[in-house]
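# Inside the fold
Each chain, letter by letter, is given below.
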Amino acid sequence: MKKLVYIVLICAIGILAYYGMQNPVGRLEKNDEEQHAAQVLSGKLAENYNLEGLKLKINGSDVPDEQYLPYIGSDLHVMLPIDAVKDKLGCTVDEYANGGIIIKRNDHTVRIVAGSADASFDEEKVTLQTQPVKNNDKLYVPIEYISDAIDYTCEYNYSTGQISLQKKGEDITLPAVYDMRKEGRVTEVRDQGDSGTCWAFASLAALETTLMPDENLQFSVDNMTKNNGFGIEQFEGGQYRMSIAYLASWKGPVLEKDDPYGDDETNSKLKAVKHLQEAEIIEDKDLEAVKEAVYKKGGVETAIYSDMVDADSDSEYYNRDHSSYYYDGTEGINHDVVIVGWDDNYSRNNFNKTPKKDGAFICKNSWGTDFGDEGYFYISYYDAHICETSVVYTKLEPADNYDKIYQADKLGWVGVLGFDNEEAYFANVYKAGKNEELAAVAFYATGAKTTYEVYVVTDFQDEDSLADRKLVASGEVEYAGYYTVDLEQAEKLADGKKFAVVVHITTPDTKYPIAIEYDADSLTDSFDIKDGEGYLSLYGKQWYSAEKDRKCNVCLKAFTRTVE
C-alpha cells in the first residue's frame, strides 16, 4: 500500500512540474493550484499512514500504549500527545487555561501555545511550521520541531511507520534548588485546627498540585475524613491508603465550598468532581525519585515525627528563626506534610541539631500561615522519617471520563495475599448493565517494578470461564501504587451478563503481590464480603474463591462507558 502511495506522489509531482513549465504566463495561478494539489495529496498520505498505524519507540524501547501514540498531521509532520512528552520523555509540563504550555527538561525550557505558531526555546523566539493542536480533546505537539530543544533526537520512517525518539546525553538533570511556589503550582495554606486531619490535608494538597497551574481547586477535607468508610473519627487521624481508597472509589474529591471544613456537618451524597487515575508510592527514602516526582508530577505527601501540634508549639527539633526541622530520634511517624521543593545547599547549620550534610526539602504544612515561612518549612534530607514512604497523585481526570465503576474494594488496599511467589493471577466478576463497553481496569501494585497483563472474559459462567480470557493490555509500573489501565480497544459487554476482568501480576522481591480488602481491625468494620465475586490463582489454571476460601475481596475495579 505504501509503495503505491509513493508512486502516486512522484507522478503527481511530475504532472505539477510539467504544467508549471508549459504555462509560464499563468505561473502565479498555477503555483496556487500546485500548492493546493500538494496539500490535498499530503492529507491523503497522512490519512493512509494513520490508518495503517504508527509505531513509537522511545530510548530504544517500544511504547505500545495507545494513549501515547503519535499521528501524522496533514502537512506530514509528526504530532505527539503532550502526555507522552510528560510521562515518557521525562519532561515537566505545565498547561495553562489560556492555551499556553511550558515544557522543561534539564536546563531547557520550551514555551508554546495551542493553536499558535509562536514559540520560544530557552527564551529565543521561534516560529513553528506546525502548530500544537487539540485532537479529540487531547493536546498534540509537533515533536520534530521541539525535540532538539529538550535534548532528544526525532527520526521517522514513513515506509515502516516507525517514530523513534532518543535522548541525548544523560537522564534528566534536576536543579539544585526548586520551589513549586515560584512556579504557581501550589494552592493556599490551610489550618487543620485541633483535629487529627493532617493526613487528609496533605493528601488533598498534593492532589491539588496535580492540576496546577491550569486549575486551582480546593478540595474538601471534611468529606474525605467523614465519608471514607473507615471506622475512625475525624479527630483520630488516618493515613495515605485511606486517602487513595476514598479517591479511587469515586467518593471524592469534592469541592471545599460544597462541604466546608469545621462546620460539624458533611454531605455524603456529593459526587466526585475528579477521578483519581493513578497514585505512585515511592519508598525507602529514595530522595532523588521524590525530587523528580515533585519536579515533573506534583507535590509529594510524606510522613514525619513531630512533637509539635500547631503553629504556637515549640520543639527542640524546630528552629523558629529559620523555619527548619530535623528529628534524629526513634519515635514513629505521626504527622503528614507535602514536599513542594528542595534546596541542596540549605545549610545544616540552620537546624537546632546539626545533620551530617547540607540539604533540605521545602514542605507545606497544615497549621495555617502563622507557622514557619507563611505555612512552609524546611526539613533536613537526613530527618529520621522524611521520604520513608511518599505518595504522589500523578493522574487526575474529569469526572465524566467513564460512566460507571464496578468495584468490591471500597476500603482499598488493606492487606496482601499470594502463593509464596512473586507472581499471581487475580480476577473479579461483575454483571454488566445495558449498552456498556469495558474501557479500563484499575488495581494496586504492591511493589516496585511490577509487570502486568490484563485480560477480559466477556461471557463468564463459572470459574472455568477464566481460562477463556482475552489479553487486552500489558505493561510495567515503576513504583508501588494505584493504577488505571485503559484497554487498547474497548470490549462490548452483553446486557445483563456476567463478565470478568483478570490480571496477571509479577512483583519482584515479594511473596504476596495481590492487594486485598478484608476485615483487619476496627478500622475496617464496614468491610462487606457480599459485594464481590473474586478469584485467585498462582498460574491462572486452578482458581480459589477470594470470598469463600480467603474471606477477602480482590482490589480490582472495572470502568465502563455507555454506548448507543
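Residues numbered from 1 in each chain as written. Predicted model: local features only at pLDDT ≥ 70, side-chain atom pairs only at ≥ 80, totals over all residues. Heavy atoms only, no water.

## Some details on the nonpolar core
Side chains of a nonpolar character, in soluble globular proteins, are inclined to be buried together. Operational definition: Throughout this description, the term nonpolar core refers to a set of buried Ala, Val, Leu, Ile, Met, Phe, Trp, Tyr and Cys residues connected via side-chain atoms within 4.5 Å. Each residue is assigned to one of three classes by its accessible area relative to the maximum for its type, calculated with a 1.4 Å probe on protein chains only: buried under 20%, partly exposed between the two thresholds, exposed over 50%. Comment: elements are numbered from the N terminus, with helices defined as DSSP H or I runs of at least four residues and strands as E runs of at least two.
Counting residues in hydrophobic clusters, the biggest one holds 120 residues, and the most contacted among them are Ile244, Tyr325 and Tyr393. Counting residues per element, this core draws most heavily on helix 5 (residues 198–211), at nine residues. Counting 33 residues, the second-largest nonpolar core is a separate cluster that includes Leu56, Leu80, Ile103 and Val141.

## A word on the sheet that holds strand 4 (residues 78–81)
So the rule is basically this: The pairing criterion for strands is at least two bridges between them, as found by DSSP.
Here four strands make up an open sheet; going across it, the order is 3-4-11-10 and the pairing antiparallel. The open sheet has two edge strands with one neighbour each: strand 3 (71–72) and strand 10 (133–135). In terms of strand pairing, strand 4 meets strand 11 (residues 138–142) through three bridges, oriented antiparallel. The partner of Pro81 across the bridge, within strand 11, is Tyr140.

## What about the pattern of salt bridges?
Just so we agree on the cut-off: Salt-bridge detection follows one rule: a side-chain nitrogen of Lys or Arg within 4 Å of a carboxyl oxygen of Asp or Glu.
Applying the stated rule across the entire model yields 22 salt bridges. Among the salt bridges present, the one from Asp179 reaches Arg181, with a minimum N-O distance of 2.8 Å. Classification of Asp179 by relative accessible area gives buried; the value is 10%. Here Asp328 ties to Lys353 by a salt bridge, and the two come within 3.5 Å at their closest N and O atoms. Of this pair, Asp328 sits in the loop between strand 18 (324–325) and strand 19 (335–343) while Lys353 sits in the loop between strand 19 and strand 20 (360–364), placing them 25 residues apart in sequence. The exposure class assigned to Asp328 is partly exposed, which follows from its relative accessible area of 41%. Among the residues examined, Lys353 registers a relative accessible area of 30% and is labelled partly exposed. When salt bridges that share partners are traced, they join Asp179, Arg181 and Asp373 into one network.

## Let's talk about the pairing of strand 27 (residues 450–457)
For strand 27, the buried fraction is high: six of the eight residues fall into the buried class. By the bridge criterion, seven bridges tie strand 27 to strand 28 (residues 470–477) in an arrangement that is antiparallel. Looking across to strand 28, one finds that Tyr455 is bridged to Leu471. When strand 27 meets strand 30 (residues 498–506), the two strands line up antiparallel, connected through seven bridges. Bridged to Thr451 within strand 30 is Thr506.

## Things to note about the state of the cysteines
Our working definition: Disulfide assignment relies on a single distance test, namely cysteine sulfur atoms paired within 2.5 Å.
Inspection of the entire model under this criterion finds zero disulfides. Counting only cysteine sulfurs, Cys91 is the nearest neighbor of Cys154, a cysteine outside any disulfide, at a range of 13 Å. The closest cysteine sulfur to the non-disulfide-bonded Cys387 is located on Cys363, 7.8 Å from its own sulfur.

## Description of the sheet that holds strand 7 (residues 108–113)
What counts, and what does not: Geometry is summarised by axes, namely lines fitted to C-alpha atoms with helices restricted to the contacting stretch, and by angles between N-to-C directions that run from 0 to 180 degrees.
With antiparallel pairing, five strands are arranged side by side in an open sheet as 5-6-7-8-9. The open sheet terminates on both sides in strands that have one partner only, identified here as strand 5 (92–95) and strand 9 (124–127). The average angle at which neighbouring strand axes cross in this sheet is 20 degrees, direction not considered. Inspection of the sheet shows strand 5 paired to strand 6 (residues 100–105) by four bridges, in the antiparallel sense. Paired with Thr92 across the bridge in strand 6 is Lys104.

## Focus on the confidence of the model for the chain
How we decide: A residue's pLDDT is simply how confident the predictor is in it, with values from 0 to 100. Residues count as neighbours in contact if any of their non-hydrogen atoms are within 4.5 Å of one another.
In the predicted model, the chain carries a mean pLDDT of 89, and 91% of its residues have values of at least 70. Confidence drops under pLDDT 50 across residues 1–30; counting only partners more than four residues distant or on other chains, this segment forms 24 contacts.

## A short note on a negative patch on the surface
Spelled out, the test is: Patch rule: a residue counts if its relative accessible area is over 30% and it has no salt bridge; like charges are joined within 9 Å, and nonpolar side chains (Val, Leu, Ile, Met, Phe, Trp, Tyr) within 5 Å. Reported accessibility uses the Shrake-Rupley method at a 1.4 Å probe radius. Residues are deemed covered only where the shown protein chains occlude them. Under this rule, positive means Lys or Arg and negative means Asp or Glu; His and the chain ends count for nothing. One atom stands in for each charge, and that atom is NZ of Lys, CZ of Arg, CG of Asp or CD of Glu.
A grouping of Glu283, Asp284, Asp286, Glu476 and Glu478 is seen on the molecular surface, where their side chains present a negatively charged patch. Turning to its location among the elements, Glu478 is positioned in the loop between strand 28 and strand 29 (480–492). Of the residues examined, Glu478 reaches a relative accessible area of 42% and is grouped as partly exposed.

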